[in-house]
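Geometric and topological summary
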Amino acid sequence: MKISHDNPNAQAGAMDQYYKFQSKIYDMTRWTFLFGRDEIIKAIPLERNAKIKILEIGCGTGYNTKLLAQTFPNAEIRAYEVSDDMVKLSRKKLSQYGSRVEVVHQPYGTTPDLHLDSYDAILFSYSLTMINPQWEDLIRQAQKDLKVGGYIAVADFHDSKHKWFKKHMGNNHVRMDSHLVPLLKELFSPVVDKVHSAYMGTWEYMMFVGKKM
Ligand SMILES: C[S@@+](CC[C@H](N)C(=O)[O-])C[C@H]1O[C@@H](n2cnc3c(N)ncnc32)[C@H](O)[C@@H]1O
């Protein structure tokens, strides 16, 4: 498995520090600006009652993980998360699902290849723009970990025409350079490929669902 050219532990450490406080206000505040999270899950074109395997990268408080568990009641779900505080919150939120939903306290893509061709869907919700500079390695890893015919689903920030806003987001570990979509389109066949405007054009967010061919 890759992620060798940069230290994934440094990125994970930065996240752990950042979310020590942010985890406490996360669910109260994020609904006001993390748009597209519910929609991206509804857009995954898999049979709702199927016995499938789903991976989520950067599950945070478990907001999407819970929605995945409700939307796909027979799915086995594994979520990766690096922040100690987020892991605690998500495990608490997801305990009702027992062993069907597991939160792994580890950066995705840093352990030996265990998952090749094994997942029906992999979700990245507002995590890739914070995984710098390893975001490209993680998308490529997801491509390997998906079964042929499986789906990657991504909702995230896309870009902003305002330099001040990009700088503000950069200070919060978020890179907004329209950088995710080209690689996603190169590696997957698009099923959903949309860019939406938020707060009268202050920024754009993207939603992408792509099939592994
Ligand atoms: C903006 S939050 C998004 C959380 C959740 N997916 C949502 O949509 O609300 C980004 C999350 O990704 C996690 N994260 C960042 N880098 C990661 C990595 N390399 N592996 C796993 N999780 C990571 C962060 O700790 C944080 O909880």
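Scoring rules and cut-offs
- Residues numbered from 1 in each chain as written.
- Predicted model: local features only at pLDDT ≥ 70, side-chain atom pairs only at ≥ 80, totals over all residues.
- Heavy atoms only, no water.
- Pairing = 2+ DSSP bridges.
- Helix = DSSP H or I, 4+ residues; strand = E, 2+ residues; numbered from the N terminus.
- Axes fitted to C-alpha atoms, helices over the stretch in contact; angles between N-to-C directions.
- Contact = heavy atoms within 4.5 Å.
- Core = buried A, V, L, I, M, F, W, Y, C linked by side-chain atoms within 4.5 Å.
- Buried < 20%, exposed > 50% of the residue type's maximum accessible area, 1.4 Å probe, protein only.
- Near = heavy atom within 4 Å.
- Polar contact = N/O pair within 3.5 Å; in protein donor to acceptor, adjacent residues only side chain to side chain.
- Areas by Shrake-Rupley, 256 points an atom, 1.4 Å probe, with all protein chains shown as cover.
- Nonpolar A, V, L, I, M, F, W, Y, C, P; charged D, E, K, R; others polar.
- Phe/Tyr/Trp six-rings, centres within 6.5 Å; stacked < 30°, edge-to-face > 60°.
- Lys NZ or Arg CZ within 6 Å of the ring centre and 35° of its normal.

What links the strands of a sheet is backbone hydrogen bonding, and the strands pair in either a parallel or an antiparallel sense. Spatially, S3-S2-S1-S4-S5-S7-S6 is the arrangement adopted by the 7 strands of the open sheet, whose pairing is mixed. This sheet does not close on itself; its edge strands, each paired only once, are strand S3 (101-105) and strand S6 (189-198). Pairwise comparison of adjacent strand axes, ignoring direction, gives a mean angle of 15° for this sheet. Relative to strand S2 (residues 76-81), strand S1 (residues 53-57) runs parallel, the two being bridged by 5 bridges. Opposite Leu55, over in S2, you have Arg78 as the bridge partner. In the packing of helix H4 (residues 84-94) onto the sheet, contacts are made with S2 and S3, and the angle to S3 comes to roughly 170°.

Counting residues in hydrophobic clusters, the biggest one holds 44 residues, and the most contacted among them are Ile40, Ile54, Leu68, Phe72 and Phe157. Looking at this core, the element that brings in the most residues is helix H1 (residues 8-29), giving 5 residues. Setting aside anything within four residues of it in sequence, one finds Ile54 in contact with Leu68, Phe72, Ala75, Glu76, Ile77, Arg78, Tyr119 and Ala121.

The next point concerns unusual backbone geometry. Following Asn132, the chain continues to Pro133 via a peptide bond in cis, the omega torsion being 5°. Among the structural elements, Pro133 can be located in the loop between strand S4 (119-125) and helix H5 (135-145). Phi is positive for Tyr126, close to 55°, though the residue is something other than glycine. Among the structural elements, Tyr126 can be located in the loop between S4 and H5. Phi at Tyr199 is positive, roughly 45°, even though this residue is not glycine. Here Tyr199 is to be found in the loop between S6 and strand S7 (203-211). Classification of Tyr199 by relative accessible area gives partly exposed; the value is 48%.

Before going further, it helps to examine the site of the ligand. Neighbouring the ligand are 22 residues, the closest being Tyr26, Arg37, Gly58, Glu81 and Ser125. Between the ligand and Gly58 there is a distance of 2.7 Å, counted from a nitrogen atom to a backbone nitrogen or oxygen. Residue Ser125 places a side-chain N or O atom 2.7 Å away from an oxygen atom belonging to the ligand. Computed on the free molecule, the ligand has an accessible area of 600 Å², of which 98% lies beneath the protein chains in the complex. Of all the elements in the fold, those that place two or more residues in the shell around the ligand are H1 and S2. With 4 residues, the single largest contributor to the shell around the ligand is H1. Of the residues assigned to the shell around the ligand, the class counts are 12 nonpolar, 7 polar and 3 charged.

One can find Arg91 in helix H4. Through-space distance from the C-alpha of Arg91 to that of His115 is 22 Å; in sequence the pair is 24 residues apart. If sequence neighbours within four positions are ignored, Arg91 has contacts with Val103, Val104 and His105.

This next bit is on the pairing of S7. Residues in a regular strand project their side chains so that they alternate between the two faces of the sheet. Counting buried residues along S7, 7 of its 9 residues qualify, which places the element largely inside the surrounding structure. Pairing of strand S5 (residues 146-159) with S7 involves 8 bridges; the strand directions are antiparallel. Bridge pairing links Ala155 to Met207 in S7. Count of turn residues in the S6/S7 antiparallel hairpin: 4 residues, of which Tyr199 carries a positive phi of about 45°.

Below, the discussion takes up the packing of aromatic side chains. Under the definition given, this model contains 12 aromatic pairs. When the centroid spacing of 5.8 Å and the interplanar angle of 50° are considered together, the rings of Phe35 and Tyr199 count as tilted. Of the two residues, Phe35 sits in the loop between H1 and helix H2 (37-42) while Tyr199 sits in the loop between S6 and S7, which places them 164 residues apart along the sequence. Measuring from centroid to centroid gives 4.9 Å for Tyr126 and Phe157, while their planes differ by 75°, and the two rings are edge-to-face. One end of the pair, Tyr126, is in the loop between S4 and H5; the other, Phe157, is in strand S5, and 31 residues separate them in sequence. Here Tyr126 and Phe157 have matching classes, each one buried. Pairwise contacts between aromatic rings join Phe35, Tyr126, Phe157, Trp164, Phe165, Tyr199, Trp203 and Tyr205 into one cluster. Sitting over the face of the ring of Tyr63, Arg37 holds its NZ or CZ atom 4.0 Å from the ring centroid.

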